[in-house]
Amino acid sequence: MTSSDIQSLRSKYESAGQGHVFQFWDKLSPSEQESLLTQLDQINPQFVTEVAQNTLNGKHNTGVATPDIISPLPKEATGSVVDADPSQIAAWSKLGLEAIAANKVGVVLLSGGQGTRLGSSNPKGCYDVNLPSHKSLFQLQAERIIKITELAKAAVPTASESVVVPWYIMTSGPTRKSVEQFFKDNKYFGLDPANVIFFEQGVLPCLTPEGKIILESKSSVAVAPDGNGGIYNALYKHNILADIKKRGIEHIHTYCVDNCLVKVADPAFIGFALQRNVDIATKVVRKRDATESVGLIVSKNGAPGVIEYSEIPSELASATEAHDDKLLKFRAANIVNHYYSAKFLLNIPNWESSFLPFHVAHKKIPFADAETGSTVKPSAPNGVKLEQFVFDVFPRLAFNNFASLEVNRQDEFSPLKNGPGAKVDCPETSRSDVLGQSARWLTAAGAILEGDVEVSPLTSYGGEGLESFKGRKIPASSIV
């Protein structure tokens, strides 16, 4: 940067009330100055200040709380695999397979998380839950993409000679390089590298409670990922939308990497959304009980929305259906598994920056001591991280353009959130759930299991194609 460029940048920060980020400038070496300038040039200080004012001090924090009006989703905006007639599920699947066969389906993976809580230094998608095959989460999901393209070719005589489901993988700054290297080392798990596209979610500066940018050191700003809602800006910023448009994709499946049972590019889900002709659809599972810590898909103030478990009053959480007192009235647990029409996502540039709200997370954020510039690690929360949530886009839609599909938890949802031995949402439960699903499929096909057996996604996507195992004894720890 020239001296003029540096002065212009300083003026931007000073006019935004953030000029303190240059407080150690004269004490920095040339390389430290260059590093700080590079980081500051990527931040819009006026935007940060406006967000801070709106979120911390302004319209979202006026002290006047208007209670939300919460009710279950209207029936016309819901569907269920749990209760649907098999012929209905088959019809949805047919529509979805036709879309896949026509190369109209893409997949976006939310994969920015690190495996720190799992005791791993690798990104979460690299994690092995100790299946007999020792396949990582990434490999399980890659193989489901391979299998669903095979099924689409077989189901649709007019299928394209080359059926492709492009996989757009959103990483974060700390995980980008290691995720890409993991895929290279494993030869992309059999996928064509041209159809595996990596991109990075954004970051935002961490702030003091007063909305001032925090310096982590004399020459660096403290930053944090902008939340899973940052996907919308990242899709636009990194030209993923342009690639979607170029490929002629019309339907997008989006999900989180930590679900070992996820049905990637699920044709039934895509077909459900196609039949309903909606811009957004979301999968839900039934809440286990009134106290389960999950967000719920609901009608919030007359629009689709999510209420977090910490926000729902106990009387609503425990309310039951009038016709069945064992069935919770509010039971549609959010599993961050969504369908989007491409036309909706391609419109992101017209609404993203002005619509999605920011949420505050109070955190312990290392900061530069004002006197010495040395980095201090606080023992209590001292600042805030701002993040957006992927579901905050839901209220943009009317209920005739939004739908929720209830699916079986045991077939489709087993999140990996906690470390080994945690007993809930941990490697042991993930392993058990995958092997339990394999056992159900093989037993239904007439196989005789002599212990835990793993069905590879390359063998079966959803329990189909296992007829040859009828009457066969399968030894424990086998991979079929």
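Residues numbered from 1 in each chain as written. Predicted model: local features only at pLDDT ≥ 70, side-chain atom pairs only at ≥ 80, totals over all residues. Heavy atoms only, no water.

For the protein, the name recorded in an unreviewed UniProt entry is UDP-N-acetylglucosamine diphosphorylase, with Sugiyamaella lignohabitans as its organism. Quoted verbatim from the Pathway (unreviewed entry) heading of the UniProt record, the comment on the protein is "Nucleotide-sugar biosynthesis; UDP-N-acetyl-alpha-D-glucosamine biosynthesis; UDP-N-acetyl-alpha-D-glucosamine from N-acetyl-alpha-D-glucosamine 1-phosphate: step 1/1." Listed under Catalytic activity (unreviewed entry) in UniProt, the entry text for the protein is "N-acetyl-alpha-D-glucosamine 1-phosphate + UTP + H(+) = UDP-N-acetyl-alpha-D-glucosamine + diphosphate". (UniProt positions renumbered as here; feature names shortened; annotations may be inferred.)

Here we take up the pattern of salt bridges. A complete count under the given rule lists 19 salt bridges for this structure. Residue E98 is joined to K94 by a salt bridge in which the shortest nitrogen-to-oxygen separation is 2.6 Å. Of the two residues, E98 and K94 both sit in helix α4 (residues 86-101), four residues apart, roughly one turn of that helix. A relative accessible area of 32% places E98 in the partly exposed class. In this structure, the salt-bridge partner of K135 is E143, at a minimum N-O distance of 2.6 Å. The exposure class of K135 is buried, given its relative accessible area of 9%. Residue classification places E143 among the buried positions, given a relative accessible area of 4%. The network of salt bridges with common partners includes D83, R286 and E406. (Salt bridge = Lys/Arg side-chain N within 4 Å of Asp/Glu carboxyl O. Helix = DSSP H or I, 4+ residues; strand = E, 2+ residues; numbered from the N terminus. Buried < 20%, exposed > 50% of the residue type's maximum accessible area, 1.4 Å probe, protein only.)

Below, the discussion takes up the nonpolar core. Here is a general trend for soluble globular proteins: nonpolar side chains tend to be buried in one another's company. In terms of nonpolar packing, the biggest core is built from 39 residues, with Y232, L235 and L345 touching the most fellow members. At four residues, the largest contribution of residues to this core is made by helix α7 (residues 231-237). One finds V107, A159, F183 and Y188 within the second-largest nonpolar core, a separate group that totals 34 residues. (Core = buried A, V, L, I, M, F, W, Y, C linked by side-chain atoms within 4.5 Å.)

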